[in-house]
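Below, each chain spelled out in residue letters.
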Amino acid sequence: MKDISIDSSSQDGGGGPIHDETLVRVGLCGPAYQASHLAQRETDEKTKEVVKYVLAEAEEFRTLSELRRKGWESSDGDKAFQEQRKRADNLDKDVSEFNYKLMGRIAEELHRVTGAFAMPPRPCGVLDLCAAPGGFLNTAMRLNPGCRAVGFSLDPAEGGYSNLLSPFRRRCMKFLDVTMLAADMGVADDDIPADHPDAAKFLPRQLAEADAFDLVLCDGHILRTQDRSAGRDASPNSKNYRDLYELYRLKYVQLALGLEHLRPGGTLVVLLHKAETWTTLCTVRRLARISRQVRLHKPRVSHTTRSSFYLVAQGVDSAHPEAAAAVAKWKAV
Ligand SMILES: C[S@@+](CC[C@H](N)C(=O)[O-])C[C@H]1O[C@@H](n2cnc3c(N)ncnc32)[C@H](O)[C@@H]1O
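The structure presented is a predicted model; accordingly, all values stated were derived computationally and were not measured.

**Quick look at the confidence of the model for the protein**
Step number 1: Residue-level pLDDT values for the protein average 89, and 94% of them are 70 or greater.
Step number 2: Segment residues 1-18 is flagged for pLDDT under 50; beyond a separation of four residues in sequence, or across chains, it makes 56 contacts in the model.

In structure tokens:
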């Protein structure tokens, strides 16, 4: 199986091989894995400690590790993931319809198990930071008639998914690249160097400072269909800042703006990967410290062969100083 960096962000270059028996043994990466930058090597070391602990303590994790490692060695695994990637990259109408319905079923399952999509009586509101095709937003609006809804999502013209919400509901969605929400993230125009490769793409404020929502959905994942090549030169191994850091940019812009605009006591739903990795655990811990309840749910209707799962944080005290500290930290990433 083709090797990738531990969190599926950038593929290679930078760090050199880390010959890491532990991470290879539990199937977190293949034998040719390379950490792409120094910070990643540091988090790999911490992940290794977590993995050693869980291996010693949990039979289920030992079984999972064995299965994952076999996956790395199997060409059938390669084929299955290739098929999965092809489906994810296919933006035609039938696939979009299928994905829209699937997202609706995931939302229903999440709601059945955790009550995630329940909101207080009106006036209440939902913010979805990566919303298309719209299955989550549709479920939130159906379960909470008359709620305010705001959704952002990458423009289909830039490789994003289409908006499949019904004509009644579709106007709540705005197409934009959330990783370009510089003003919302507190970056002043003057702080953006004129020669930055994406200088012209950064966006003015989209959410007012006082905008607050009862439910915030952070379900974005990086799309291979998006062109993020600005600033890369022509050499075959050339990488730009987005090749290296897009995973973190997308994750932390959703977390930072999501928590900042969550009404105290509200609910945050976040897509995460690989519960045993250090960066994921840090996110879970940060949210657990300020929430009445945090649950991790792996849907049965999808995500079954992937490392992804949802975190549902309820009763989040978004006004707590630790929440402000988390927002500041995530904005600074
Ligand atoms: C799994 S889909 C979300 C599905 C959605 N929760 C639903 O219920 O239909 C991931 C979404 O992330 C969006 N996305 C990926 N990168 C983005 C970016 N940089 N800015 C905005 N949206 C982005 C994609 O366009 C896609 O709509």
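Read on, since the account is not over.
**Comments concerning the environment of Glu209**
Step number 1: Relative to the elements of secondary structure, Glu209 occurs in the loop between strand S3 (173-175) and strand S4 (213-218).
Step number 2: A tally of 9 C-beta atoms within 10 Å means that Glu209 is categorised as exposed.
Step number 3: Measuring from C-alpha to C-alpha, the distance between Glu209 and Leu129 comes to 16 Å, with 80 residues separating the pair along the chain.

**A few points about unusual backbone geometry**
Step number 1: Going from Arg122 to Pro123, the amide bond is cis rather than trans, its omega being 0°.
Step number 2: Of note, Pro123 is situated in the loop between helix H5 (93-114) and strand S1 (125-128).
Step number 3: Phi is positive for Lys274, close to 50°, though the residue is something other than glycine.
Step number 4: Here Lys274 shows up in the loop between strand S5 (262-273) and helix H8 (278-288).
Step number 5: One non-glycine residue with positive phi stands out, namely His303, at about 65°.

**With respect to the site of the ligand**
Step number 1: Every one of the 22 residues lining the ligand counts as a neighbour, but Met103, Cys130, Phe136, Gly160 and Asp219 are closest to it.
Step number 2: Those elements giving two or more residues to the shell around the ligand turn out to be helix H6 (135-143) and strand S2 (148-153).
Step number 3: Class assignment for the residues of the shell around the ligand results in 13 nonpolar, 7 polar and 2 charged.

**Some details on the sheet that holds strand S7 (residues 308-316)**
Step number 1: Spatially, 7 strands are ordered S3-S2-S1-S4-S5-S7-S6 in an open sheet, and the strand pairing comes out mixed. A single partner strand is all that each edge strand has here, and the edge strands are S3 and strand S6 (291-297). The mean angle between the axes of side-by-side strands here comes to 15°, regardless of whether they run parallel or antiparallel.
Step number 2: Of the strand pairs in this sheet, S1 and S2 are connected by 4 bridges, and their pairing is parallel. Pairing of Leu127 across the sheet is with Val150, part of S2.
Step number 3: Its contacts with the sheet place H8 against S5, S6 and S7, and it is angled at close to 150° to S6.

Cut-offs applied
Every chain is numbered independently, its residues counted from 1 as its sequence is written. Only residues with pLDDT of at least 70 are given local features in this predicted model, and only at 80 or more are side-chain atom pairs given and counted; all residues enter the totals for whole chains, interfaces and linings. Confidence of the predictor at the level of single residues is given by pLDDT, which spans 0 to 100. The contact rule is simple: place each C-beta atom from the backbone, and if two of them lie within 7 Å, those residues are in contact. Numbering of helices and strands runs from the N terminus; a helix is a DSSP stretch of H or I covering at least four residues, while a strand is a stretch of E covering at least two. As a rule, residues whose C-beta atom has 12 or fewer other C-beta atoms within 10 Å are exposed, those with 20 or more are buried, and those in between are partly exposed; C-beta atoms are placed from the backbone. Working rule for contacts: place C-beta from the backbone, and if it is within 6 Å of a molecule or strand, that residue counts as near it. Lys, Arg, Asp and Glu make up the charged group, whereas Ala, Val, Leu, Ile, Met, Phe, Trp, Tyr, Cys and Pro make up the nonpolar group; the residues left over, Gly among them, are polar. Whether two strands pair comes down to DSSP finding at least two bridges between them. Axis definition: a line fit to C-alpha positions, over the contact stretch in the case of helices; interaxial angles, taken between N-to-C directions, run 0 to 180 degrees.

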